[in-house]
Amino acid sequence: MNNFKRLFGDTKPVIAMVHLNALPSSPLYDQDGGVEAIVEAARKDLKALQDADVDAVMFGNENDRPYELKVDTASTATMAYVIGCLRSEIKKPFGVNVLWDPMSSVALAAAVGASFLREILTGTYASDMGPWTPNAGEAMRYRNRLGRSDIAMLDNVSAEFAYSLDRRELSDRARSAVFSSIPDAVLVSGAITGEAANMSDLEAVKRVLPNTPVLANTGVKHETVADILKVADGCIVGSSLKVDGHTWNPVDPARAAEFMQLAKRARKA
């Protein structure tokens, strides 16, 4: 069975982000607070999200700006340490995302026992990080060599911070990605973190992939989640659950709880 469907069935899951504070070697790293400050901030966000009854959580290094296409080994190691410190407190399925390095995401997921990962696995892009050509075959073979063929691979087919050099329609690129690299789910994104994908893009991708889970990856808000879940098979949400809806703030427990109430109501409908 498709790994994503094995995890979530037909629930249209809300996957909530635990955005880790900047990691060692990153320009924004807080040397005074150190790694333990990263752990404590992540612990508070994890508790707030689980108390809100999100369906899953995903740990990501969004604060490691400017991003890299091949991350520092210290970033992956620190993420593993942080997740390891919190492992006994994680009550929901969880995933990882090491921006923007599929091999590091696979290694991290295998090391910490994650159920899924998010990455840019297919396509060729001109990006803020320079020329960008991920290798889905390499990443998936690495996953299997590590004995974790059960890790669900979520392929973001509309990379943020980038311009696709493949000028086919997004729906054609998504269909080709599923045919050639067999991701467990396809993600549709906006231009940058926190910005919504075009509903027309989401609808077009889902239309050509009726049997593959298609999720909205960015910019899902309280006022749009009901409409998005009419089309998408789930969503990944970060910024909307933060204090004042701002990406770099901590999770707001009240906003997270309200979002899940709206999402559950939409799923019942």
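Residues numbered from 1 in each chain as written. Predicted model: local features only at pLDDT ≥ 70, side-chain atom pairs only at ≥ 80, totals over all residues. Heavy atoms only, no water.

(A) A look at the sheet that holds strand 6 (residues 130–132). The three strands are arranged 6-5-8 in an open sheet whose pairing can be described as antiparallel. At either margin of the open sheet sits one strand with a lone partner, and together these are strand 6 and strand 8 (162–164). Across the sheet, the mean angle from the axis of one strand to that of its neighbour is 25°, orientation sign disregarded. Of the strand pairs in this sheet, strand 5 (residues 125–127) and strand 6 are connected by three bridges, and their pairing is antiparallel. Opposite A126, over in strand 6, you have P131 as the bridge partner. (Pairing = 2+ DSSP bridges. Helix = DSSP H or I, 4+ residues; strand = E, 2+ residues; numbered from the N terminus. Axes fitted to C-alpha atoms, helices over the stretch in contact; angles between N-to-C directions.)

(B) How the structure looks around the nonpolar core. Core analysis: the largest hydrophobic core is formed by 63 residues, its most contacted members being L20, L49, F59 and F259. Counting residues per element, this core draws most heavily on helix 2 (residues 34–51), which supplies six residues. If you look at the next biggest cluster of nonpolar residues, it comprises 13 residues, including F8, A56, L154 and I236. (Core = buried A, V, L, I, M, F, W, Y, C linked by side-chain atoms within 4.5 Å. Buried < 20%, exposed > 50% of the residue type's maximum accessible area, 1.4 Å probe, protein only.)

(C) Local environment of the environment of I83. Structurally, I83 can be placed in helix 3 (residues 73–86). I83 gets classed as buried once you look at its relative accessible area, which sits at 0%. Separated by 73 residues in sequence, I83 and D10 have C-alpha atoms that sit 27 Å apart. If we ignore the near neighbours within four places in the chain, the residues touching I83 are F59, I90, F94, V96, L108 and V112. (Contact = heavy atoms within 4.5 Å.)

(D) The arrangement of the side chain of D45 in detail. Its location among the elements puts D45 in helix 2. Here D45 sits buried without a salt bridge, and the closest side chain of opposite charge, K242, lies 5.0 Å off (N-O distance). Filtering out sequence-adjacent residues up to four positions away, D45 remains in contact with V18, H19, P250 and V251. (Lys, Arg positive; Asp, Glu negative; His and termini not counted. Salt bridge = Lys/Arg side-chain N within 4 Å of Asp/Glu carboxyl O.)

(E) Representation of unusual backbone geometry within the structure. Residue P66 follows R65 across a cis peptide bond; omega there is -10°. Among the secondary structure elements, P66 is positioned in the loop between strand 2 (56–60) and helix 3. A cis geometry characterises the amide bond from L99 onward to W100, with omega recorded as -15°. Its location among the elements puts W100 in the loop between strand 3 (94–97) and helix 4 (102–112). One non-glycine residue with positive phi stands out, namely S25, at about 85°. With respect to the helices, strands and loops of the structure, S25 is situated in the loop between strand 1 (14–19) and helix 2. At D53, a position not held by glycine, the phi torsion is positive, near 70°. In this fold, D53 is placed in the loop between helix 2 and strand 2.

(F) Highlighting empty space enclosed by the protein. Following the criterion strictly, the structure yields one cavity of 30 Å³ or more and no others. When its volume is computed, the largest cavity comes out at roughly 190 Å³. For the largest cavity, the lining is made up of 20 residues, of which R118, T193, G194, N217 and T218 are closest to its centre. When residues of the lining of the largest cavity are traced back to their parent elements, those giving at least two are strand 1 and strand 11 (235–237). The residue makeup of the lining of the largest cavity, split by class, is six nonpolar, eleven polar and three charged. (1 Å grid on protein atoms, 1.4 Å probe; cavity = no way out; pocket = protein on both sides within 12 Å on 5 of 7 lines; lining within 4 Å. Points joined across faces, edges and corners; volume = space filled by probe spheres on them. Nonpolar A, V, L, I, M, F, W, Y, C, P; charged D, E, K, R; others polar.)

By themselves, these are just geometric observations and shouldn't be taken as functional.
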